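Below, each chain spelled out in residue letters.
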Amino acid sequence: MNADFITNIGLTHYLVLSAILFAMGMAGVLLRRNVLVLLMSIELMLNSVNLTFIAFSKFLGILDGHIMVFFVMTIAAAEAAVGLALAVSIFKRFNEVNIRFFEHLKG
Amino acid sequence: MTADAFLFWFLAIVTLGSGLMVILQKNPIYSALSLAMTMVGMAALFVTLNAFFIAGVQLIVYAGAVMVLFTMVIMLFDLKQDIQAFTRGKLSGILKIASVGLLAGLVVGAIAMSVGLLTEKTTDNPVLVGNGMETTKALGQILYTKYIFGFEALGVLLLVIAVGAVALSRSKGGTHER
């Protein structure tokens, strides 16, 4: 922890930050049992990947990363919509949104 | 300590703290609130990276639309405190946390190894030119020329998703129909 690490913000800082956020989202997916919190953790992971794209885009001077973030955002919103619709239909049947009810899915 | 560095550390602490709250809160509505906070912090981080347009889209799509969707569904369910918010089993829990730690260590190690391999582009950088207008203009130009097929495909995907979400929420329990 020298002074240069604290004052000189570079690509590494953003990459490590997004890696930690991604690990947090993964921990949420593995440890939580509520479907809604699971979906929120997935959003967290997608967002940390977006941060990586933007950081690389700035530090390498390639604008294509911004386009990728655009696509990822759209797909994340679509995924949230479908996931929540699934959660609603699970809730209608079992009156709870615990992930263990997904074990009963068949057909 | 310059303003840039202070801003980064402040936003990093806010984002990481609220991100941690997302997975630690037992009540889903508090998780949603923390997620909104994380999204706002992330948008501010995008501003520090000169991605002004993406920051605006982030605020509108995530902190606006997606969070409203989550909050509405939580209110619809009328969830109380989760009785069993976390997974059972000490051994599997330890294994899961260990695997997450392993992944984080792997990624951070890879980043630390690759420091200096990529040279930062300071001259003629399309992201850094001008005061934000030029970047947004260039973004629109490549979105509608180089990536026009992906853009159209996204439109089709959104249509399919809209129809699919309506069809899913209208079904009465699917295969478990009584």
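Use the structure listed above.
Described below are features of the structure shown in this document. Since the structure is predicted, the reported quantities are computational estimates derived from the model, not experimental observations.

1. Looking at the nonpolar core
A general tendency of soluble globular proteins is for nonpolar side chains to be buried together.
Moving on, step 1. Ranked by internal contacts, the top residues of the largest apolar core, which has 60 residues, are Y14(A), L51(A), L45(B), F46(B), I54(B) and F77(B).
Moving on, step 2. Looking at this core, the elements that each hand over two or more residues are α2 (11-31), α3 (35-60) and α4 (64-94) of chain A together with α1 (3-24), α2 (28-48), α3 (52-77) and α5 (133-145) of chain B.
Moving on, step 3. Ranked by the residues each element gives to this core, the list is headed by α4(A), at 11 residues.
Moving on, step 4. Contacts of I54(B), omitting those with residues within four sequence positions, involve I54(A), H66(A), V69(A), F70(A), M73(A) and F46(B).
Moving on, step 5. Counting residues in each nonpolar core, the second largest holds 5 residues, with A23(A), L31(A), I23(B) and V100(B) among its members.

2. Observations concerning the environment of M75(B)
Residue and element names in this part refer to chain B.
Moving on, step 1. Assignment of secondary structure puts M75 in helix α3.
Moving on, step 2. On the basis of relative accessible area, M75 is assigned to the exposed category, the value being 56%.
Moving on, step 3. Taking the C-alpha atoms as reference points, M75 and I29, separated by 46 residues in sequence, lie 8.4 Å from one another.

3. A short note on the packing of aromatic side chains
Moving on, step 1. Tallying each qualifying case throughout the model produces 7 aromatic pairs over all chains.
Moving on, step 2. With a centroid separation of 6.4 Å and an interplanar angle of 80°, the aromatic rings of F71(A) and Y147(B) are classed as edge-to-face. Separated into two different chains, F71(A) in helix α4 and Y147(B) in the loop between α5 and α6 (148-170) make up a pair that spans both. As far as the burial class goes, F71(A) and Y147(B) line up, both buried.
Moving on, step 3. In this structure an aromatic cluster arises from ring pairing among Y14(A), F59(A), F8(B) and W9(B).

What counts, and at which threshold
Residues numbered from 1 in each chain as written. Chains lettered and ligands numbered in written order. Predicted model: local features only at pLDDT ≥ 70, side-chain atom pairs only at ≥ 80, totals over all residues. Heavy atoms only, no water. Core = buried A, V, L, I, M, F, W, Y, C linked by side-chain atoms within 4.5 Å. Buried < 20%, exposed > 50% of the residue type's maximum accessible area, 1.4 Å probe, protein only. Helix = DSSP H or I, 4+ residues; strand = E, 2+ residues; numbered from the N terminus. Contact = heavy atoms within 4.5 Å. Phe/Tyr/Trp six-rings, centres within 6.5 Å; stacked < 30°, edge-to-face > 60°.

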